[in-house]
Amino acid sequence: MRALAVWGVCPDTGPACFSGRTTPACTCATSRGAGHKRSARSSVQQPASKENRYQQYRPERAPAAVASLDWEGDWDELAAPAQSSQDQTKSWDSGFFAPVSQTASKKPLKINRDLLLYRARLSRNAAFRASSNKEKSRRQKDCESTLRRVLAMDPTDGRAYVGLGKLLVQQKRFEEARKLYDDGAAATGGLNEYIWQAWAYLESKQNNVGQARKLYDAALVANNEHAASWHGWGLLEKRQGNFRKARDLWMKGIKATKSKPNSYLYQALALMATELNYTEEARQWFMEGTKTVMGAQSHAIWHAWAGMEASQGDVTVVRYLYRRGLEANPRSRFTYLSWGLFEKQQGSLENARALLKQGHQLNPRDPAILQVAQGPVSILIVQTYCRVCFVHIFAAHATLETVMSSLPSFLAVLVDVLSKSLVSFQSQ
């Protein structure tokens, strides 16, 4: 108790009022001014008696029946809130003795919502890789319930609206997604550019061009530096044949995002220039895009640039660009596939086989690499076998029952041929 007095305890309000600082419950500031130090010294020189210590530090809370610390009743009664006409709830002990449920914020912590959003993303990815429709449906339901739980926790979290909207679009529940985006825009006060952009993409996919333009414009009003809105709007105009407007939008986007350049805007300009046979302009946009931090680390722009140079016939430049793409992303299945096909066209079968084999090892679930890697020989074997079987069946004027009875054996031989082709490729 003497330690509290040395700190400068105010005898009127308790230890919440230190020297030079007052609380709303402190009334000594108006009557004594800065006399807290004298109060502290006086409290040290004249310590309170044992009988009235409790009343000294909590005068408005002590029950009238308590005369000393030898209280034999319920101690929770001592911490009960006082019912006073004055604003005593703002004193030092009101917050100290308040339960956690009253002092804590009612809004859930952001970390809890982040964890739920992470789980929802895992469920959505698992649904994409599901091997059966039943498993896919179950994963999607888990993802939807998790995202709706996030919205119940915080209706202003735009991430939940965007994630749930994309899931509804994948399930072709377009009206529900449209209403969800509308509710999200209202809940966030129209200041979330991600919701506007996702909604605009939905309308663009539904071929509502006019509405999509309005939504893209609303996204850019919310945030003029949102590169995805500039990029999406430009693609919309390009699909409508408005190449000049698309080019203007992408160039405006580049100017608006100077603080954080986005390589996809440069790539879009370069690809459109390539389609219009403006090779030098396309090459210039590719060079500008790869000079940015994001572009140097993006395998997509290196892959696109290599594809453009492949049409020009410069083998050395093409190989250099594909190599830079693999440096940006060593698992890029698109780069392995394109580079392998390019080497095959150049007659470098060993290089093509090595690239496709490495791409297959890194991406075993990719069917395109496996199909190209097996080569035309295996495909020719399968085609020849199928042709012979069908000719034999129809030449014999077989009935439907005969065809169905021979179908299992036909499929078994077909699977055997494909498996042998795969084994021969992996052993090379």
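Before any of the text, the structure's been laid out above.
Report follows, based on the coordinates.

## Considerations on the packing of helix α18 (residues 299-312) against helix α20 (residues 333-345)
A packed helix pair is summarised by two numbers, namely the angle formed by the two axes and the spacing between the axes.
Working step 1: One can describe the packing of α18 onto α20 by two numbers: an axis separation of 10 Å at closest approach and a directional angle of 15 degrees. The orientation of α18 relative to α20 falls into the category roughly parallel. Our pair here, α18 against α20, has a crossing hand that is left-handed. Listed contacts from α20 to His299, His303 and Ala310 of α18 are Phe334, Thr335, Ser338 and Phe342.
Working step 2: Classifying every residue of the contact of α18 with α20 gives 3 nonpolar, 4 polar and no charged.

## Structural notes on the layout of surface pockets
Working step 1: As a volume, the largest pocket reaches approximately 380 Å³.
Working step 2: Along the wall of the largest pocket there are 16 residues; nearest its centre are Lys166, Gln197, Ala198, Tyr201 and Leu202.
Working step 3: If you list the elements that add at least two residues to the lining of the largest pocket, you get α9 (158-170), α11 (193-205) and α13 (227-239).
Working step 4: Among the elements that make up the lining of the largest pocket, the one with the highest residue count is α11 (6 residues).
Working step 5: Residues belonging to the lining of the largest pocket are distributed by class as follows: 9 nonpolar, 4 polar and 3 charged.

## Focus: a nonpolar patch on the surface
Working step 1: A cluster of nonpolar side chains, namely Leu109, Ile111 and Leu115, defines an oily patch on the protein surface of about 290 Å² accessible area.
Working step 2: Take Ile111: it is sitting in helix α7 (residues 110-128).

## Considerations on the side chain of Glu309
Working step 1: With respect to the secondary-structure elements, Glu309 resides in helix α18.
Working step 2: A polar side-chain atom of Glu309 sits 2.8 Å from a polar atom in the side chain of Arg283.
Working step 3: The residues touching Glu309, leaving out its near neighbours within four places in the chain, are Arg283, Asp314, Val317, Val318 and Leu321.

## Comments concerning unusual backbone geometry
Working step 1: Positive phi, close to 65 degrees, is recorded for Lys172, a residue that is not glycine.
Working step 2: Note that Lys172 resides in the loop between α9 and α10 (174-187).
Working step 3: A residue is classified by how much of its surface remains accessible, and Lys172, at 65% relative accessible area, is exposed.
Working step 4: With a phi angle near 65 degrees, Asn277 is a residue other than glycine that sits in the positive phi range.
Working step 5: Mapped onto the elements of the fold, Asn277 is located in the loop between α15 (263-275) and α16 (279-291).

## Observations regarding the environment of Gly295
Working step 1: Tracing the backbone shows Gly295 in helix α17 (residues 293-296).
Working step 2: What makes Gly295 buried here is its relative accessible area of 0%.
Working step 3: Considered as a pair, Gly295 and Asn262 are 33 residues apart in the sequence and their alpha carbons are 7.3 Å apart.
Working step 4: What Gly295 contacts, discounting residues up to four positions off in sequence, is Ser263, Gly289, Thr290, Ile301 and Trp302.

## A closer look at α11
Working step 1: Taking 1.5 Å per residue as the helical rise, α11 with its 13 residues ought to reach 18 Å, and the 18 Å between its terminal C-alpha atoms agrees with that figure.
Working step 2: Burial of α11 is extensive: 10 of the 13 residues sit out of reach of the surface.
Working step 3: Buried residues of α11: Glu193, Ile195, Trp196, Gln197, Ala198, Trp199, Ala200, Leu202, Glu203 and Ser204, and no others.
Working step 4: The inward-facing, buried residues of α11 contact α9, α10, α12 (209-222) and α13.
Working step 5: For α11, the N-terminal capping position is held by Asn192, with its side-chain oxygen 3.0 Å away from the main-chain nitrogen of Tyr194.
Working step 6: Asn207 sits one or two positions beyond α11 and adopts a positive phi of about 65 degrees.

How each quantity is defined
- Residues numbered from 1 in each chain as written.
- Predicted model: local features only at pLDDT ≥ 70, side-chain atom pairs only at ≥ 80, totals over all residues.
- Heavy atoms only, no water.
- Axes fitted to C-alpha atoms, helices over the stretch in contact; angles between N-to-C directions.
- Helix = DSSP H or I, 4+ residues; strand = E, 2+ residues; numbered from the N terminus.
- Parallel < 35°, antiparallel > 145°, perpendicular 65-115°, else oblique.
- Left-handed = near helix turned anticlockwise from the far one by under 90°.
- Contact = heavy atoms within 4.5 Å.
- Nonpolar A, V, L, I, M, F, W, Y, C, P; charged D, E, K, R; others polar.
- 1 Å grid on protein atoms, 1.4 Å probe; cavity = no way out; pocket = protein on both sides within 12 Å on 5 of 7 lines; lining within 4 Å.
- Points joined across faces, edges and corners; volume = space filled by probe spheres on them.
- Patch = residues over 30% accessible without salt bridge, like charges linked within 9 Å, V, L, I, M, F, W, Y side chains within 5 Å.
- Areas by Shrake-Rupley, 256 points an atom, 1.4 Å probe, with all protein chains shown as cover.
- Salt bridge = Lys/Arg side-chain N within 4 Å of Asp/Glu carboxyl O.
- Polar contact = N/O pair within 3.5 Å; in protein donor to acceptor, adjacent residues only side chain to side chain.
- Buried < 20%, exposed > 50% of the residue type's maximum accessible area, 1.4 Å probe, protein only.
- Expected span 1.5 Å × (residues − 1).

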